[in-house]
Amino acid sequence: MSGKFKISYRKDMALFQTLWAKVWLGVFVCCMIVAPFFMTRYQLSILNEMGIATIGALGLNLLTGYTGQISLGHGAFLAIGAYTTGLLTGKLGIPFLLSLPLSGLMAATLGMIVGIPSLRLKGLYLALGTLAFGFIVEYIIFHWDLTQGDMGMAVKRIGIGGFTIKTQQHYFYLIMSFAAIATICAKNLVRTKIGRNFIAIRDRDTAAEAMGIRLAKYKVMAFAVSSFYAGVAGCLMAHYQKWIVPGSFDISLSIAYIAMIILGGLGSILGSIMGAILITGIPHFIIYLTDFFKESYPALSGVIVDFKLGIFGLIIVVTLLFEPQGLFGIYRRAKVYWKTWPFKY
Amino acid sequence: MVKILEIVFNGLSMGAIYALLALGFVLIFKSTGIINFAQGELAMVGAFICYNFATLMGVPYLVAFFITLILAAILGGIVNVVFFRRMVGEQMFSTIMVTVGLASILTCIAGLIWGHDVYAIHSPFTNKTATIGGIVLSQGSLYTIGISIVLLVLFALFFNRSLLGIAMKGTAEDSDTSGLMGINVKRIHMVAWAIGALVAAVAGIFLAEQSFVRLVMSHTGIKAMAAAILGGMESIGGAILGGVIVGLVEGFAANYLSGMEIGGFHFGDIKDVAAFAIMIIVLMIRPHGIFGKQKVERV
C-alpha cells in the first residue's frame, strides 16, 4: 500500500484519516442542506426512505457485520419500534422526542432477550432462532387487540414543541439529522474498546473469550445496540408513513436489510449506507423503468411487484458469490488502484 | 377419545410431511454441509410442477407425480451447479445467506409463472375417506403417512447399507479427506442436491393434497427446519421424530388453543407459530437438538 504513513496510534484511530475526507464530507453536508430546495416531493420521499433504511442497516451491520451474529429477524425489531411509538404517542399522548428513545429502548430490551440464547446458539441455530422470533412478533401483532391486527394502526404526526412536521422537506431534515447522528455514533462505537471486542468475537469467539473478552456481555450488548437502531428506524418509519400494518414488517423486510449490508459490505459503516441507498433505490428504479416501458408492454406493470424480492435475493447471491466484500470492497480496491497508478503495488 | 385419535392421526400426517422436508435438510446438510433455507421453496415449486401437469395439462396423476420427481431432481442439480459448487467450504454465514437469496429467487420465479392464486391438484384421493374402527380418515392422509414411512425406511437403508450412502456420510464428515480416499465429491454433492429436491417435491405434493397449491406454502419449509433442529441436524431418526412432534403439537394447539382469548389477545391460527415456540424452547434447553451432538471447537 502506498500513500499515507501513520506514525502514531492517534492518527490511525482518527475519525477522518485525511484532510480530503473532511472536505468531501463538508461538501456532502452542504449538498444535503440545499438539496430539498431543488428536488421534487417524490425525489425527497425516496431520500427519506433511504435515510430511515440507513439507520436500520447500520444497526444490522453492527450486529452481523461487526459481531458476526446472524439475525434473520431484523424486521421484527423495526416492528417493535414502530408499534411502540404508535401506542405511546397515540394512546398515551407522549411527545415524539420522548417516544423515539423509548421505542428504541423497547426494541433494545427485547433484543437483549433474543441475544441471551445467542450465547449458546451459533450460526445456523441463531439464524433459526431469530427467524422464529420474527414470525412470533408478526403473529403477536396480528392477533393482539392493542395493535389492531391486520387493520393497521394510525400514527400521529411528529410534533416537536409547538412545531408539527408536515411536508417532505421537514421530514427530510429530521430524518437526515437522525441518520447523521446514527452514523457518527456507529463510526465512533466501532473504534472504541467495545467495537474492537465486537470484531474479536466475530473473528473467533472462543479465542476472544480466551483473551479475556466477556462474551456474554458483548454479545448481548451487540444485540441491544443493533435492535436500538432498528427500533429508532421503525419509530421514524411509523411517523413517516403515518399508517402501520403488520404485513409491512414480515420476513421480506428482514431480507431487504440483509441484502443492504451484504451488498454494501459486511463490517463497514460506509458500506451500510451505500447498501441502504441502493436497495431502497432499486424498487423505485424498477417503477421508473416500467413507467417508461408501459406504453409498449402494458402487461409488464403487474409483474413488477413479484420482481422486488427476487431481485433482492439475486443481489444477495451474486454479491456473495462474486464480491463477498460488497460495494465497499470494490470502492476500496478502486481507491488503491488509482492511488498507485500506473504501478501495480 | 375419537376426537383425540383424529387429532393424532391428522397430526401424524402433517408430521410425515415435515419429516420428509426435514429429511431433505438433513440429507443436504450431511453431505455438503450447507443448510438449505430454500427447502420449502423447492417443495412449493414441486407442487406447482405437479399441478401444472396433473391439472392444467390433464396428465394422469401418477404420471404427473413421476414427471415431477424427475424434474425436481434436475432442478436440484441445476441449483447445485449454479449456486453451490463454488460455495462449498465457505463460512456458515455466506452459505445460509445464499440459500435465503435462492429462496426469494424461487418464490419470485414461481410467482411469475403461476401467479399468486390458490390452486388444487386433482388426485385420485381427493375427498375420499376410509373408516377404521369408527374413525373417519381421509385417504390422502393415509397415503401420505404410508409413502413417507416407505421413503424414510429406504433412506435409512440407503445411508447405512449402500456404498453411495456411506460415501455421502464420509463426504459430510470431511470432504477433503474423502476426496483423497477416491470419493468423487462433486458427484456426491450433485446426488445430495438431486435427492434433497426430489424429497422436497414429494413433500410439496403431499402438502398440496392436504391443503392447496400456493406460493406461501413454502413457509412450511421453515417449520420443517424447526423439526430438523428439534431432532438435531445430524440424524435421520431425529428428523423423523422432530417432524412427528411438530405435527402433533400443531394439531393439538390448533384444536385446543384456537379461539382462546387472554386480555385482548386472540390465539387464532396458533398452528402457524406453535412449531417456532417449541423450537425456541428446545434450543434454549438443548442447543444442539434432541439427538444432536455437541461439537468440540478448536481455536
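Analysis parameters
Residues numbered from 1 in each chain as written. Chains lettered and ligands numbered in written order. Predicted model: local features only at pLDDT ≥ 70, side-chain atom pairs only at ≥ 80, totals over all residues. Helix = DSSP H or I, 4+ residues; strand = E, 2+ residues; numbered from the N terminus. Buried ≥ 20, exposed ≤ 12 C-beta atoms within 10 Å, placed from the backbone. Contact = placed C-beta atoms within 7 Å. Rg over C-alpha atoms; globule rule 2.2 N^0.38 Å. Expected span 1.5 Å × (residues − 1). Nonpolar A, V, L, I, M, F, W, Y, C, P; charged D, E, K, R; others polar. Core = buried A, V, L, I, M, F, W, Y, C linked by C-beta atoms within 7 Å. Bend = angle between axes of the 7 residues up to and from the residue. pLDDT = per-residue confidence, 0-100.

Chemist: Honestly, the overall build of chain B in this entry has me stumped. Any pointers?
Modeler: Of the regular secondary structure elements, chain B holds 11 helices and four strands. Here the C-alpha coordinates of chain B stretch approximately 60 × 50 × 40 Å along the principal axes. Counting all 299 residues of chain B, 51% fall into the buried class. The long-range fraction of contacts in chain B, counting pairs at least 24 apart against all pairs at least 6 apart in sequence, stands at 75%.

Chemist: Can you help me understand the overall build of chain A in this one?
Modeler: A count of helices and strands for chain A gives 14 helices and four strands. For 345 residues, the compact-globule estimate of 2.2 N^0.38 gives 20 Å, and chain A sits close to it at 21 Å. Dimensions of chain A along its principal axes, counting C-alpha atoms only, are 60 × 50 × 45 Å. Within the span of chain A, comprising 345 residues, buried residues form 44% of the whole. Restricting the contact set of chain A to residue pairs at least 6 apart, pairs at least 24 apart contribute 78%.

Chemist: Hey, could you run me through unusual backbone geometry in this one?
Modeler: In terms of backbone geometry, most residues other than glycine have negative phi values and most peptide bonds are trans. Residue and element names in this part refer to chain A. Backbone geometry places Lys 242, a non-glycine residue, at a positive phi of 65°. Tracing the sequence through the fold places Lys 242 in the loop between helix H10 (215-241) and strand S4 (243-244). With 12 C-beta atoms counted inside 10 Å, the residue Lys 242 sits in the exposed group.

Chemist: Is there a simple way to explain helix H5 (residues 139-161) of chain B in this structure?
Modeler: Side chains three or four residues apart in an α-helix point the same way, a direct result of the helix having 3.6 residues per turn. All names here are of chain B. For H5, built from 23 residues, the straight-helix expectation of 33 Å at 1.5 Å per residue is met to within 8% by its first-to-last C-alpha distance of 32 Å. When H5 is considered as a whole, its buried residues turn out to be Gly 140, Ser 141, Thr 144, Ile 145, Ser 148, Leu 152 and Phe 155. In this structure, the buried residues of H5 make contact with helix H1 (2-32), strand S2 (135-138), helix H8 (185-210) and helix H10 (236-256).

Chemist: How should I be thinking about the interface of chain B and chain A in this particular structure?
Modeler: For an interface, size is often stated in terms of accessible area lost upon the parts coming together. Listed by partner, the interface residues are 39 residues for chain B and 39 residues for chain A. Top contributing element to the side of chain B that touches chain A by residue count: helix H4 (residues 92-114) of chain B, with 17 residues. A per-class count over the side of chain B that touches chain A returns 28 nonpolar, eight polar and three charged.

Chemist: It is not clear to me how the environment of A:Gly68 should be interpreted in this structure. Could you clarify?
Modeler: Residue and element names in this part refer to chain A. Inspection of the secondary structure assignment puts Gly 68 in the loop between helix H3 (41-66) and helix H4 (74-91). It is 9.6 Å that separates the C-alpha atoms of Gly 68 and Ala 222, two residues lying 154 residues apart in sequence. Residue contacts for Gly 68: discarding those within four places in its chain leaves Ile 201 and Arg 202.

Chemist: Is there a simple way to think about the nonpolar core in this case?
Modeler: A general tendency of soluble globular proteins is for nonpolar side chains to be buried together. Ranked by size, the top nonpolar core spans 199 residues in total, and within it A:Ala259, B:Ala19, B:Ala22, B:Leu23, B:Ala47 and B:Met279 carry the most contacts. With 18 residues, H8(B) is the largest single contributor of residues to this core.

Chemist: Explain H3(A) here, please?
Modeler: All names here are of chain A. Between its first and last C-alpha atoms H3 spans 36 Å; for 26 residues at 1.5 Å apiece the expected length is 38 Å, and the two agree. At Leu 60, H3 is deflected by roughly 30°, the largest bend along its length. The element H3 is extensively covered by neighbouring structure, given that 20 of its 26 residues are classed as buried. Of the residues one or two after H3, Gly 68 is the one with positive phi, at around 75°.

Chemist: Quick question: what am I supposed to make of the environment of B:Ile270 here?
Modeler: All names here are of chain B. With respect to the helices and strands, Ile 270 occurs in the loop between strand S4 (265-266) and helix H11 (271-285). Among the residues examined, Ile 270 registers 20 C-beta atoms within 10 Å and is labelled buried. Residues Ile 270 and Gly 259 lie 11 residues apart in sequence; the distance between their C-alpha atoms is 9.3 Å.

Chemist: Can you walk me through the confidence of the model for chain B in this structure?
Modeler: Any region with low pLDDT has predicted coordinates that should not be read closely. All names here are of chain B. Residues of chain B with pLDDT of at least 70 account for 95%, and the chain-wide mean is 83. Across chain B, the element-wise mean pLDDT spans from 72 in strand S1 (residues 129-132) up to 91 in helix H3 (residues 61-84). Model confidence for the complex is summarised by a pTM of 0.88, with the ipTM given as 0.83.

Chemist: Is there a simple way to think about the environment of A:Leu270 in this case?
Modeler: Along the chain, A:Leu270 falls in helix H12 (residues 269-293). Separated by 216 residues in sequence, A:Leu270 and A:Thr54 have C-alpha atoms that sit 10.0 Å apart.

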